[in-house]
Amino acid sequence: MRIAMIGSGYVGLVSGACFSDYGHDVTCVDVNQDKIDQLNNGEIPIFEPGLQALVADNLNAGRLSFTTALASAVAQADVVFIAVGTPSRRGDGHADLSYVRAAATEIANALKGFTVIVTKSTVPVGTGDDVERIIAQANPKANFVVASNPEFLREGAAIEDFKRPDRIVVGIEDERARPVLEEVYRPLYLNQAPLMFTGRRTAELIKYAANAFLAMKITFINEMADLCEKAGGDVQAVARGIGLDKRIGSKFLNAGPGYGGSCFPKDTLALVKSGQDFDAPLRLIETTVAVNDQRKRAMGRKVIAACGGDVRGKTIGILGLTFKPNTDDMRDAPSIAIIQTLRDAGATIRAYDPEGMDMARTIIEGIEYATDAYDVATGADCLVLVTEWNQFRSLDLDRIRQSMATPALVDLRNIYRRKEIEDAGLSYVSIGRGADSGDHDGDQTAATQ
Ligand code: NAD
């Protein structure tokens, strides 16, 4: 199959590289000339484990190429995927579809022969109809169908997720799309990944329902953590106790500073808007959004409380800035609101992240960026562990204590045990371990928060 991937970001680049690895002939397109130049030079503009090698292999094999020339890529393609961004629209939280619509118009004018156009971007229910209308109006003679194929990969494990998905969802309104998408996904289908065909609107809804459900699960355990702190309980044991129930499942039950990232915040908001537009309000999701928003600043206040109620003139060290480990993505990371709260209260911030600092510098100004965890700790009055990168799991605690002005750790990911931190001479605050039973391991299943 000849595939054109419109948009070469986290999703387009990973999907394009994986499709080429299956033997398809893939052209990844982007409007960003710098990005395309980097990719053509073998450089990967994002941090995603395994991507560099995957791209290099398929570039060398001649199955993968990068260009800004959308028209020629589309003209040669059997299938065109739209994988452009759908951020929150300023002001109302609706998904901003301007990139999708612009891509659809450009695609329309370039189509040659029968082509299946597939939205991989996360788009509100009904967007497939819009894309179809835009293309038909721009190019009435075009021979095309529009399908929906939402992407479920997680940054940090994107290649593994793409190659071993729990399911592939394809929404179609015209049967001509079915054999084409079956062929595109044939290698995965042979791997027994369930390929689920639905109507187009249903496919669009499945993506939002999945993300909203996971965001709700995280928010649920975060509220349970608050109750554990006040009532005297251990949220990790609660999570394990409910997660072992197969009807509930153990994933996404790690209490933390609130969900963030490039998907959950904007997708929950967009789903709330869809509910309102269709006069079917989604009150659980509305509440999830509100609770999570408040939580991020509440985490800042938790740090202030751990510092005796006042951080004016104090230096707070932040370990981890990205919304989760193994990505450089800073979009809607909880660190942003936490740092803002601390700065508003008069603190000076020193921060370190293994991969996220380049992007962080464009978002968070007025803080010091350190060279590693020990540099962050030097002279700090409190250390706050915000993102659970592996390298923060085995810190030299003696070295940390000796370099800090006041030895204190606020562990927003519960990766340490109270006893080991206190034995090392630091004070310790964590999440939802009110019974002070911080030595229970709980379930360490990674969650996207
Ligand atoms: P991104 O911002 O990393 O990438 C989007 C890319 O599209 C950018 O490089 C941009 O320059 C390019 N672009 C915009 N308009 C274009 C046009 N007209 N022609 C060509 N290129 C264009 O975004 P992302 O994180 O890859 O997300 C893309 C979509 O996938 C979103 O809808 C998102 O919700 C969804 N999604 C993201 C993830 C994730 O983990 N990032 C997971 C699943 C789904």
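Conventions used here
Residues numbered from 1 in each chain as written. Predicted model: local features only at pLDDT ≥ 70, side-chain atom pairs only at ≥ 80, totals over all residues. Heavy atoms only, no water. Disulfide = S-S within 2.5 Å. Buried < 20%, exposed > 50% of the residue type's maximum accessible area, 1.4 Å probe, protein only. Near = heavy atom within 4 Å. Polar contact = N/O pair within 3.5 Å; in protein donor to acceptor, adjacent residues only side chain to side chain. Areas by Shrake-Rupley, 256 points an atom, 1.4 Å probe, with all protein chains shown as cover. Helix = DSSP H or I, 4+ residues; strand = E, 2+ residues; numbered from the N terminus. Expected span 1.5 Å × (residues − 1). Arc of directions from axis to C-beta. Contact = heavy atoms within 4.5 Å. Domains from an automatic or database assignment. Buried area = accessible area lost by both parts, 1.4 Å probe. Salt bridge = Lys/Arg side-chain N within 4 Å of Asp/Glu carboxyl O. Nonpolar A, V, L, I, M, F, W, Y, C, P; charged D, E, K, R; others polar.

*Asks:* Provide a residue-level description of the state of the cysteines, including the pertinent values.
*Replies:* Simply put, the disulfide is a covalent bond whose two ends are the sulfur atoms of two cysteines. Counted under the stated rule, the structure contains zero disulfides. Cys382 forms no disulfide, and the closest cysteine sulfur to it belongs to Cys307, at a distance of 4.0 Å. Since its relative accessible area comes to 0%, Cys382 is described here as buried.

*Asks:* Account for the site of the ligand, with residues named and values stated.
*Replies:* Residues in contact with the ligand amount to 25 residues; listed here are only the nearest, Asp30, Lys35, Thr86, Glu155 and Lys266. One of the side-chain N or O atoms of Thr86 is found 2.5 Å from an oxygen atom in the ligand. The separation between a nitrogen atom of the ligand and a polar side-chain atom of Glu155 is 2.8 Å. With the chains in place, 89% of the 820 Å² that the ligand exposes on its own is no longer accessible.

*Asks:* Residue-level account of helix H5 (residues 98-110), with values.
*Replies:* With 13 residues, H5 should reach 18 Å at 1.5 Å per residue; the first-to-last C-alpha distance of 19 Å fits that figure. For H5, the complete set of buried residues consists of Val100, Ala103, Ala104, Ile107, Ala108 and Ala110. Within H5, the buried residues cover an arc of 165° as seen down the axis, which keeps them to one side. The inward-facing, buried residues of H5 abut strand S1 (2-6), helix H4 (70-75), strand S4 (79-82), strand S5 (115-119) and helix H6 (127-138).

*Asks:* Lay out the domain arrangement of the protein in plain terms, naming residues and giving numbers.
*Replies:* A common way to express how large an interface is: the accessible area buried when the components associate. Splitting the protein by domain gives domain 1 (2-198) and domain 2 (236-429). Summed over both partners, the interface of domain 1 with domain 2 buries about 1400 Å², with 51% contributed by carbon and sulfur atoms. Across the contact surface, domain 1 and domain 2 share one salt bridge. Here Arg331 and Glu155 are joined by a salt bridge, their closest N and O atoms 3.8 Å apart. Scanning the region where domain 1 abuts domain 2 turns up eight residue pairs in polar contact (both at pLDDT 80 or more). Across the side of domain 1 that touches domain 2, the residue classes break down as nine nonpolar, six polar and three charged.

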